[in-house]
Structures are given as structure tokens and as C-alpha cells.
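Here are the chains, one letter per residue:
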Amino acid sequence: MKQRELTVVLCIIWAVSLLYGEMFAYWVPSLWACSWPHHHLNSKPTMDEVGYSTDYVKVVVLTDPQLMDKTSLGLAPKSLALEIAQFYADLFMRRAFFSSIVPFKPDVILFLGDYFDGGPYLSDEEWQESLSRFKHIFGLNAQGRYKNIPVYYVPGNHDIGYASLHYQRPEVIKRYENEFGMRNYQFTVGKVDFIAIDAQTLDDKQRSGRPQEDLASLTWNFVKNVSMDVQLNPRVLLTHIPLYRQDWTSCGPHRGSPVINQRVSRAVDSQEVAYQNYVFEESSNRLLELIKPVLILSGHDHDQCTVSHNSKFGPIKEQTVGTISWQMGNLYPSFMLLSASNFTLPNASHPEEAISTHLCFLPMQTHIYIWYLSLFVLTLLALLLWPTSGLSVWNHCSNLIVSCNIFGGGTKEKNEDENCEYEMIWDAEGSMHLVKKALNAPIANLSERGLVERGNAVMRPTAKKHISEDREASMNVDLGADVDSMLKMTTRTSKSKTKIVIQRLVRTFRMLTIIAAVNLPLYMMLLFKDWID
């Protein structure tokens, strides 16, 4: 394989890697890796005229996009580094949504909170900018909104903050509600009721002096009203912050990082909650007792977790969905497919059968970028170290075969010149002839013989002495010449090595330019294809 062939092969490898990493990898969930959970049921589904099942309503569950902003990495606002980090985080989520999630044709989209990273601390202008990015990523703007697909939202701590912030900046709550709607509400999908609550206010201190402004009181009043309603359908509790579990509780096989235990931070002056990993135990038990859910869906943890809570009505499963963003500490971003029954189950003793879930994983973007970096290093090494004359695999294999035949007992042609020598003979006319004679015995040392024959001529000892003296003189002259030639050869060798290095660097740069000229346009096309509406 010569240099040109090597360049072509590297171009093809780069093109295939870019096509997979930037496009094909996002097709895997919808084509092979994931499917709606009701497709695995044994019952024969009822189909509509288009061919879709009408027995179940299809719900996609997403959480924790946490769009990066000036609070994310400590970088200066509008800096190039921050803009690049934002672009690639947003691009991954947009590709994931349009290439991995939309092909499932969901009936409902459900977000479990944390749409922004520093939502409570952004100015109105910055918050509106992040909101525009959020709508662009998930096709919720005027150009790409799915008008026929209902979208429901649950508030997260990165959207409205905790109790310590609510009374300092009440405009944060109003800003959220004006865009995303109520923080505590319920809705019905199929024959399943979904109860969405603002988990950030559950453990706040209830202030009796201002009940109309007490966010904790508003949340708990909503929960009490739900508990008093006649429960006709199974219920699913939606909360951004997971419910309480003991430290080191196992999160199941889908967990990719170590389990995070409860951590609570409080404001110095008011002792109100400033951060918490889980809802407090008392609040969790109260929620389970009043709402009586058959399933709990949560986010906040950024990693997948499945636990079981004990209640008066039996065990209740909680599924924490991982973040959809690859820059939020989870190497395996995920989303959930939920099938909600569209009919009333005859067996009311098992209401959890009305809801089926399937956790799906998105491409591992970090691994894709690691492969790009590794391929770049391999490309440099191949171009630098590849022989100038190229490598011929066929000739190498042929030489191996010949060597194996020789050493494996193969025949070897006889050399007719073995055990013989040629003698120069001059005839009477002065012409010289070569006559082949058999070699009887090797001559150990020519000095042992008194004379050396050359044809029919005989060299006398006196002539032999003169020849020796001439040889010694010539050897002295040659020795001096050899020293000069060795010095010149050393200088010439160093110059040739430098020349070879420069030639290889120039060749490598030229080949890299060709590979970049072929693949950079492909990469840019893939980027803008997924980013532009």
C-alpha cells in the first residue's frame, strides 16, 4: 500500500466515523435498542386505521437538560469557550430529540424539571435567551412546534430554586409560571392520572401569617385536595426531587455512577432549605399516604435509579430518569418510554398493570469524541511512519511462502560452480583463457607457498617484496583518505536525516490537508443539518 492508497483508506475511515458519530448513532434507539413497553405484552392490541395501537397512550419522559449558561463552568458570559460548550451540549440534545425520540411518534411529552442551569440567577434577558434555546432544541418554537402533541412540565430546583430563594426573589416563580404554567396540577393520559407537584416547596417552613403567599402551604393544600378526590384511575406521582431513601440504597442495574446519599444545605440566616438531594422522610411518607400512587417518576439525580418505597398500601416503585444532556455528569444519557393504558382494567387489585415503562439510552457522546481523538493520533502516526516506498502485503506473503518451502524441505537447485576454481592460461599468441579446475583442498595461507601462480607466469620473491611495499604505501594513503571520507559521510548522513524528517513532515501535512479537505465539509454539513430549523 503506497501513500496515496493510505490517504484514501484514512479518508474513508474518517468519513465512516463522522457519519456514525454525528448521525447513525442517534438512529440506534428507535431502530434496534428501544421500543414501547406495550409492544412486549401478549395481548393483541387494537389498531387504528393508520396501524397504531389504541390500547395505550405513548408518553416520552425527559428530564434535566440544564441548558448551560454563565453559571455552569465559571466562564465569562459570551466567551468563546462558553459558546462552544453551549453549542455542543445543545446540539446533542437536539439530535437526541429529533433523531432518537421523535421517531417513536409519542402522544405526550413530559419534562421533569431543570430546563436551565442557573435559571433563578439569570436576568430577564438572559433567561429569555435560554428559553429560546430550550424551545429550539426540543422543537417548541414557532418553526418546529408539535401542535398536536401535549407537553407537560414539572418545576426543578435549577428553574425556581429552593425555599431560601423563594422569598428573596418572588419574580422567579412568576417568570416560570408565565411560561410553563402552574407548578402543582394534575392531568389524565388515557386511563391514568398524573399528579405533578413542586417538590422544592415540600420541606419549606409553612408560614401561617401569609397563607396566600406561603408556597409550602399551597403545595400541601393541592395534595390534600387530590387525596379527597374519588380515585377512579391509577395515579403516577411526578416530582423533580426523588423521595426519601436510606443512605446507600441500591439503584438497580441501570445506575452508571456511585449512589448519592442525602445532603442538605440551609441558609445561614433563616435556616431554610438551600439544597437537598431527596425529599425529607416525613414529607415522603405523607405524599405516599395522601396520593396513593402506583408509580413515582423523578429526576434531579442525573443518573438512573430504581427503588421501592414501603407504604401502607404496599411497595411503590420509583424510577429516576437520567439527564438527557451528555455534559451533566452522566456518560449514559437516557429518556423513558411510558405506555399508559387507554382502557379500564378489569382487575382493579393490580392497578400498576395500567402503566409500563422502558428506559432507553442515548449515544455515549464522550466515547465518540474519544474515538475522534484516538483516530487523529493514529492518523498522524500512520502518515509519519509509513514507508516512502509503501508496503506490499502480497510480496511479503510471497517471501514468507518461499522461505517456508526452503526450510520445510523444498529442493534447491545445484550450484555448478561449487568446489571449483578458474585458472588464467595464456596461449602462444598472448590470448588469455579461463579454465575451470576442481578445488581439491583450500589454501590455508598464501604466504606458506614460495610463489603465487598467475596462469603460467611465476612471481619471484624480489617482485613479491616490491608488491608488498607498494601495498603498504597504498594502504597508508587509503587510510588517510578513508578518514576524510568518513567525516564527509557523517556530515552527509546527518544532512540526509534532516532532509528525510523535513520531507516526512511535509508529506504528513500534505496528506492531512487532503483528509481534512474531504471530511471537514462533511462534518460541517452534519452539524448544520441538525442545528438549522
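Residues numbered from 1 in each chain as written. Predicted model: local features only at pLDDT ≥ 70, side-chain atom pairs only at ≥ 80, totals over all residues. Heavy atoms only, no water.

### Details of the overall build of the protein chain
A tally of helices and strands in the protein chain yields 12 helices and 17 strands. In the protein chain, buried positions account for 41% of the 533 residues. Across the protein chain, the fraction of contacts at a sequence separation of at least 24, relative to all contacts at a separation of at least 6, is 72%. (Helix = DSSP H or I, 4+ residues; strand = E, 2+ residues; numbered from the N terminus. Buried < 20%, exposed > 50% of the residue type's maximum accessible area, 1.4 Å probe, protein only. Contact = heavy atoms within 4.5 Å.)

### A look at the pattern of salt bridges
If you walk through the whole model with that rule in mind, you get 15 salt bridges. The salt bridge partner of Lys135 is Glu179, with a shortest N-O separation of 3.0 Å. With Lys135 in helix 4 (residues 124-137) and Glu179 in helix 7 (residues 171-180), this residue pair connects regions lying 44 residues apart in the sequence. Salt bridges sharing partners connect three or more residues here, namely Glu22, Arg95, Lys529 and Asp530. (Salt bridge = Lys/Arg side-chain N within 4 Å of Asp/Glu carboxyl O.)

### Focus on the packing of helix 1 (residues 3-22) against helix 10 (residues 365-385)
One can describe the packing of helix 1 onto helix 10 by two numbers: an axis separation of 11 Å at closest approach and a directional angle of 175°. It follows that helix 1 is roughly antiparallel to helix 10 by the angle criterion. Within the contact between the two elements, helix 1 uses Leu6, Leu10, Ile13, Trp14, Ser17, Leu18, Gly21 and Glu22 and helix 10 uses Ile368, Tyr369, Trp371, Tyr372, Leu375, Phe376, Thr379, Ala382 and Leu383. (Axes fitted to C-alpha atoms, helices over the stretch in contact; angles between N-to-C directions. Parallel < 35°, antiparallel > 145°, perpendicular 65-115°, else oblique.)

### Here we look at the UniProt feature "transmembrane region" (unreviewed entry) in the protein chain
The UniProt feature table records "transmembrane region" (unreviewed entry) at residues 368-386 and 509-528. In the segment residues 368-386, helix accounts for 95% and strand for 0%; the C-alpha atoms at its two ends are 26 Å apart. Secondary structure within residues 509-528 divides into 100% helix and 0% strand; the distance between the first and last C-alpha atoms comes to 27 Å. (UniProt positions renumbered as here; feature names shortened; annotations may be inferred.)

### Brief notes about the state of the cysteines
Disulfides are covalent bonds that link the sulfur atoms of two cysteine residues. Considering all chains together, one arrives at 2 disulfides under this definition. There is a disulfide in this structure between Cys34 and Cys360, and the S-S distance comes to 1.6 Å. Disulfide Cys34-Cys360: torsion about the S-S bond near -45°, hence left-handed. In this pair, Cys34 sits in the loop between helix 2 (28-33) and strand 1 (56-62) while Cys360 sits in strand 13 (residues 355-361), placing the two residues 326 residues apart along the sequence. The same class applies to Cys34 and to Cys360, which are both buried. (Disulfide = S-S within 2.5 Å.)

### Looking at the environment of Lys292
The residue Lys292 is located in the loop between helix 9 (281-291) and strand 9 (295-298) in this model. Relative accessible area serves as the criterion here: at 30%, Lys292 is assigned to the partly exposed category. With 58 residues separating them along the chain, Lys292 and Pro234 place their C-alpha atoms 8.7 Å apart. Discounting residues that sit within four places of it in the chain, Lys292 has contacts with Gln231, Arg235, Leu287 and Phe313. Among the polar contacts made by the side chain of Lys292, one reaches the main-chain carbonyl oxygen of Glu289 at a distance of 3.4 Å. (Polar contact = N/O pair within 3.5 Å; in protein donor to acceptor, adjacent residues only side chain to side chain.)

### Concerning the nonpolar core
Formed by 38 residues in total, the largest nonpolar core has its most connected members in Leu62, Phe111, Phe134, Phe138, Tyr153 and Phe180. For this core, the secondary structure elements donating two or more residues are strand 1, helix 3 (80-101), strand 2 (108-111), helix 4, strand 3 (151-153), helix 7 and strand 12 (334-341). Tallying contributions element by element places helix 3 first for this core, with 5 residues. Core analysis: the second largest hydrophobic core is formed by 25 residues, Val108, Leu110, Val189 and Val294 among them. (Core = buried A, V, L, I, M, F, W, Y, C linked by side-chain atoms within 4.5 Å.)

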